[in-house]
Amino acid sequence: MEFSELMKKRRSVNFFDPEKPVEQGVLEKIIEEASLTPSGFNLQPWNLLVVRSPEVKKRLRKIAWDQPKIEDAPVVLVLLADKDGWRPEHPVMEKAWQDQIDLGYTKPEMRSWFDGAARQLFDSEKGSLIFAVRNSCFFGMSLMLAVANAGLDSHPISGFDHEALVAELEVPDNFVVPMMLVVGHFDEKQTLGPAKWRKSYDEIVRQEL
Ligand SMILES: Cc1cc2nc3c(=O)[nH]c(=O)nc-3n(C[C@H](O)[C@H](O)[C@H](O)COP(=O)(O)O)c2cc1C
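Now for a description of the structure that goes with this document. Residue indices begin from 1 for each chain and proceed along its sequence in written order. Owing to the predicted nature of the model, reporting of local features is limited to residues with pLDDT of at least 70; listing and counting of side-chain atom pairs is limited to 80 or more, with chain, interface and lining totals taken over all residues.

1. Considering unusual backbone geometry
At step 1: In this structure, Gln44 takes a positive phi of about 45° despite not being glycine.
At step 2: Numbering of helices and strands runs from the N terminus, with a helix taken as a DSSP run of H or I at least four residues long and a strand as a DSSP run of E at least two residues long. Secondary-structure assignment places Gln44 in the loop between helix 2 (24-34) and strand 1 (46-51).
At step 3: Each residue is classed by its C-beta neighbour count within 10 Å, where at least 20 other C-beta atoms makes it buried, 12 or fewer makes it exposed, and intermediate counts make it partly exposed; the C-beta atoms are placed from backbone geometry. Taking the C-beta count within 10 Å as the criterion, Gln44 has 20 such neighbours and is therefore assigned buried.
At step 4: Positive phi values are uncommon outside glycine, yet Glu89 reaches one of about 80°.
At step 5: Position of Glu89 among the secondary structure elements: in the loop between strand 2 (75-82) and helix 5 (91-102).

2. Structural notes on the nonpolar core
At step 1: One finds Val76, Leu77, Leu143, Met180, Val182 and Val183 to be the most contacted residues of the largest nonpolar core, which totals 44 residues.
At step 2: Those elements that place two or more of their residues in this core are helix 2, strand 1, strand 2, helix 5, helix 6 (111-122), helix 7 (125-149) and strand 4 (175-184).
At step 3: Among the elements that take part in this core, helix 7 stands out by supplying nine residues, more than any other. Throughout this description, the term nonpolar core refers to a group of buried Ala, Val, Leu, Ile, Met, Phe, Trp, Tyr and Cys residues whose C-beta atoms join them within 7 Å.

3. Focus: the site of the ligand
At step 1: Being near a molecule or strand means, for a residue, that its C-beta atom, positioned from the backbone, comes within 6 Å of it. All residues adjacent to the ligand are Arg11, Ser12, Gln67, Pro156, Ile157, Ser158, Gly159, Met179 and Lys196.
At step 2: Note on residue categories: nonpolar means Ala, Val, Leu, Ile, Met, Phe, Trp, Tyr, Cys or Pro, charged means Asp, Glu, Lys or Arg, and polar means any other residue, Gly included. The class makeup of the residues in the shell around the ligand is three nonpolar, four polar and two charged.

4. What to know about the packing of helix 2 against helix 7
At step 1: Comment: axis = line fitted to C-alpha atoms, over the contacting stretch for helices; angle = value between 0 and 180 degrees taken between N-to-C directions. Relative to each other, helix 2 and helix 7 sit at 135°, their axes nearing to 8 Å. The orientation of helix 2 with respect to helix 7, classified from their angle, is oblique. The chirality of how helix 2 crosses helix 7 is right-handed. Counted together, Ile30, Glu33 and Ala34 of helix 2 and Phe139, Ser142, Leu143, Ala146 and Val147 of helix 7 form the full contact between these two elements. Roughly parallel here means an angle under 35 degrees, roughly antiparallel means over 145, roughly perpendicular means 65 to 115, and every remaining angle is called oblique. By convention the crossing between two helices is left-handed if the near helix lies anticlockwise of the far one by an angle smaller than a right angle, and right-handed if it lies clockwise. With C-beta atoms placed from the backbone, a contact is any residue pair whose C-beta atoms sit within 7 Å.

5. Some words on the sheet that holds strand 1
In any sheet, the strands associate via hydrogen bonds between backbone groups, in a parallel or an antiparallel arrangement.
At step 1: The strand order across the open sheet formed by four strands is 1-2-4-3, and the pairing between neighbours is antiparallel. Edge positions in the open sheet fall to strand 1 and strand 3 (153-157), since each of these has one partner strand only. Along the sheet, successive strands turn relative to each other by an average axial angle of 25°, direction set aside.
At step 2: By the bridge criterion, five bridges tie strand 3 to strand 4 in an arrangement that is antiparallel. When the sheet's bridge partners are listed, His155 is paired in strand 4 with Val182.
At step 3: Docked against the sheet, helix 7 engages strand 1, strand 2, strand 3 and strand 4, running at close to 5° with respect to strand 4. Being paired, for any two strands, means DSSP has found at least two bridges between them.

6. Regarding helix 7
At step 1: End to end, helix 7 covers 36 Å across 25 residues, agreeing with the expected 36 Å (1.5 Å per residue, within 8%).
At step 2: Phi turns positive one or two residues past the end of helix 7, at Gly151, with a value near 85°. Here a helix's expected span is defined as the number of its residues, less one, multiplied by 1.5 Å.

In structure tokens form, the structure reads like this:
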């Protein structure tokens, strides 16, 4: 699909057809396409919980402002942002580091520089939170575009009680949850609302220097 068309096609749809499933193979393709998302130092500090269970979705709906789409859509993706994803000995960090060496982007003797730079940037409550959420939200956007490209629909959700959600799903302390993404097929019996206003070039650009 052409890029401008894809950007227009992606909408947050409020109504999902509970009868139309999301096949596992389609979901895997969407997630693997979205995995091409860039991240700082290629650390990819994102994970997902894939929720299909009607019983779990019911509980999620309760802590997310009772939004019916959470139960109607066949899949809810819970985006986990890993605040520890930059730390030495984190398995993803070590894999990313080894990959950079194998591909010739860096040398083993650069490791202490790297660890120091990462600590300086991320080793604080605020730094690690920004690291985790910043990168994971790019992944979230890629997921939405991959969903639209696959001919499905989605709806991002941040209207939930974060503490209740992490307790409910027993999310480990190193993660925060920037958003959930409801995925399925628009319920054709409903009417999709008009596309919403967006800022223009002039509203976005404050200054040209
Ligand atoms: C991070 C994020 C969280 C959102 N959370 C909610 C939500 O909890 N409930 C809701 O109805 N819409 C939510 N939205 C949807 C926005 O209202 C919607 O994206 C916006 O109005 C633009 O509409 P569009 O996505 O159809 O272009 C969220 C969107 C984003 C990006």
